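In case you want the letters, here they are:
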Amino acid sequence: MEQFGVRTRIVMGDGLDAMIGRMKRVFVVTDSFMASSGKADYVTARLDKARVEYTVFSDISGEPDIGMVTAGTSRMLEFEPDTVICMGGGAAIDAAKAIVFVARKAGDSKAVEFIAIPTTSGTGSEVSRFAVITDKDKGVKYPLVDDSLLPDVALLDARLVESAPPSVTADTGIDVFTHAVEAFVSTGRNDFTDACAEKAIKLVNHYLMTAYKNPGDLKARQGMHNASCLAGIAFSNAGLGLNHGMAHAMGARFHIPHGRANGILLPYVMSFNAGCAAEKLTPTAKRYAQISRLLRLDTSNVRQSALNMIRTARSFIKRMNMPSTIEAAGVTKEQFEAELDAMAAAALADSCTASNPQPVTLEDIKAVYRKAFTGKLP
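Residues numbered from 1 in each chain as written. Predicted model: local features only at pLDDT ≥ 70, side-chain atom pairs only at ≥ 80, totals over all residues. Heavy atoms only, no water.

Asks: How would you summarise the overall build of the protein if you had to cite specific residues and measurements?
Replies: Broken down by element type, the protein carries 14 helices and 8 strands. The globule rule puts the C-alpha radius of gyration for 378 residues at 21 Å, and the 20 Å found for the protein is close to it. Along the three orthogonal principal directions, the C-alpha set of the protein runs to about 65 × 45 × 40 Å. For the protein, the share of sequence-separated contacts (at least 6 apart) that also reach a separation of at least 24 residues comes to 78%. Surface accessibility of the protein: about 15700 Å² in total, with carbon and sulfur atoms responsible for 51%. If the 42 positive side-chain charges of the protein are averaged to one point and the 41 negative ones to another, these points end up 7 Å apart. (Helix = DSSP H or I, 4+ residues; strand = E, 2+ residues; numbered from the N terminus. Rg over C-alpha atoms; globule rule 2.2 N^0.38 Å. Contact = heavy atoms within 4.5 Å. Areas by Shrake-Rupley, 256 points an atom, 1.4 Å probe, with all protein chains shown as cover. Lys, Arg positive; Asp, Glu negative; His and termini not counted. Charge placed at Lys NZ, Arg CZ, Asp CG, Glu CD.)

Asks: Can you lay out the state of the cysteines for me, pointing to particular residues and giving the numbers?
Replies: Under the criterion given, the structure shown has 0 disulfides. Here Cys196 stays free of any disulfide, with the sulfur of Cys229 as its closest cysteine sulfur at 8.8 Å. For the unlinked cysteine Cys352, the closest cysteine sulfur is that of Cys196, found at 18 Å. (Disulfide = S-S within 2.5 Å.)

Asks: Hey, could you go over the packing of aromatic side chains for me, with residue numbers and the actual values?
Replies: Taken as a whole and judged by the stated rule, the model has 5 aromatic pairs. For the pair Phe4 and Phe192, a centre-to-centre distance of 5.5 Å together with 25° between the ring planes defines the contact as stacked. Taken together, the positions of Phe4 in the segment before strand E1 (9-12) and Phe192 in helix H7 (residues 191-213) put the pair 188 residues apart, joining distant regions of the chain. Its relative accessible area of 31% is what places Phe4 among the partly exposed residues. Given the relative accessible area of 55%, Phe192 is considered exposed. Pairing Phe177 with Phe316 gives two aromatic rings, centres 5.4 Å apart and planes at 70°, and the pair type is edge-to-face. (Phe/Tyr/Trp six-rings, centres within 6.5 Å; stacked < 30°, edge-to-face > 60°. Buried < 20%, exposed > 50% of the residue type's maximum accessible area, 1.4 Å probe, protein only.)

Asks: Explain a nonpolar patch on the surface to me, using residue names and the numbers behind them.
Replies: There is a patch of nonpolar side chains on the surface, built from Phe4, Val6 and Phe192 and spanning about 280 Å² of accessible area. Relative to the helices and strands, Val6 is located in the segment before E1. Overall, the relative accessible area of 40% leaves Val6 in the partly exposed class. (Patch = residues over 30% accessible without salt bridge, like charges linked within 9 Å, V, L, I, M, F, W, Y side chains within 5 Å. Salt bridge = Lys/Arg side-chain N within 4 Å of Asp/Glu carboxyl O.)

Asks: Could you give me a rundown of the sheet that holds strand E2 (residues 25-30), with the residues and numbers involved?
Replies: If you trace the 6 strands from one edge of the open sheet to the other, you get E1-E8-E5-E4-E2-E3, paired in parallel fashion. If you trace the sheet from one side to the other, it starts and ends with E1 and strand E3 (53-57), each paired once. Strand-to-strand twist of the sheet, defined as the mean angle between neighbouring strand axes without regard to direction, takes the value 20°. Of the strand pairs in this sheet, strand E5 (residues 113-118) and strand E8 (residues 153-156) are connected by 2 bridges, and their pairing is parallel. Looking at the pairing, Ile115 lines up with Val153 of E8. Each of E2, E3 and strand E4 (83-88) touches helix H4 (residues 66-79); the most contacted strand, E3, lies at about 170° to it. (Pairing = 2+ DSSP bridges. Axes fitted to C-alpha atoms, helices over the stretch in contact; angles between N-to-C directions.)

Asks: Can you lay out the packing of helix H9 (residues 242-254) against helix H14 (residues 362-374) for me, pointing to particular residues and giving the numbers?
Replies: It is the contact of H9 with H14, at a shortest axis distance of 12 Å, that shows an interaxial angle of 70°. In this view, H9 runs roughly perpendicular relative to H14, as classed from their interaxial angle. On H14, the residues that touch Leu242, Met246, Ala249 and Met250 of H9 are Ile365, Val368 and Tyr369. Within the contact of H9 with H14, the residues separate by chemical class into 7 nonpolar, no polar and no charged. (Parallel < 35°, antiparallel > 145°, perpendicular 65-115°, else oblique. Nonpolar A, V, L, I, M, F, W, Y, C, P; charged D, E, K, R; others polar.)

Asks: Kindly report on the pattern of salt bridges, identifying the contributing residues and their values.
Replies: Per the stated rule, a full pass over the model turns up 16 salt bridges. In this structure, Lys366 engages Glu363 in a salt bridge whose closest nitrogen and oxygen atoms are separated by 3.6 Å. Here Glu363 and Lys366 lie together in helix H14, a separation of 3 residues that amounts to about one turn. Judged by relative accessible area, Lys366 falls into the buried class, the value being 11%.

The values reported here are purely geometric and, on their own, carry no functional implication.
In structure tokens form, the structure reads like this:
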């Protein structure tokens, strides 16, 4: 049986004022930068104007971890809100999702409305049933997967990403592209997830470089915001794959930003999935060829069309000055070799890897990591 669901109501543009009228007590979740820079005023100034009682939890920095979630849950249960508003990037939204999830399990918080306002165009966390939480002691990232993690409302306002620096636009933009590509070839895909993934890929192809080069272009920013959301819907329903499993493991050990880790690995994982180094191409190569056709990069040859998609991924990385290898991201050979076995084991156990289109072994993962370290492709 196949399923597809979009439980989250998506509001494009500034629709927050219309929602505030029904709120009485609001628990605002954001990261430390949003709070200290005044950017969280987008939410709090309106709550002040409407005389709505609220408290702010902003003890989120870097990747969300178990300690942040525990602290946030305690604050939320103590405050007893009727609404949770999260404003921030994927880390803040993932933390908020985990906080709301745990609070609902621990206390009488089931009726709380949860509104997510992304300030980056990358994770699609505002519409996904995934949240990634780090265990710092073990150096492991745990993907949480549950329908109850889905926010009730996602508000997509392109003005909130207008000030994102080019490096953030690059990291988050390639994350969107990876989400869409992995969802399109995932074992859980269907016609509905394909439609969302295809549109996201087309939007990224059309708007990413403009958003990177001209940050103030609101049309490009909204296009990438929409692409991120569509890719989030696609992978939330279809699942992801080996790329994310490997990126989670690599990011936890070497502290490479998630989108950047995805971008480094993507050409090598695609090459493995397509069987480019093998005598016979896999069925996944035909799926990559379909994406090439979507972007008008296809040829009459499936292998060449699949390779064109891999080259497209590498082209984005090069044009946005992103590292194309693990070594270029600052990891030494000694560090890499010391972590390789544990990293590969974590990637194999990652829930995202389970929906990879091709069967994968521990040795396969090590081989892909090694190619991504040196930069070798067929």
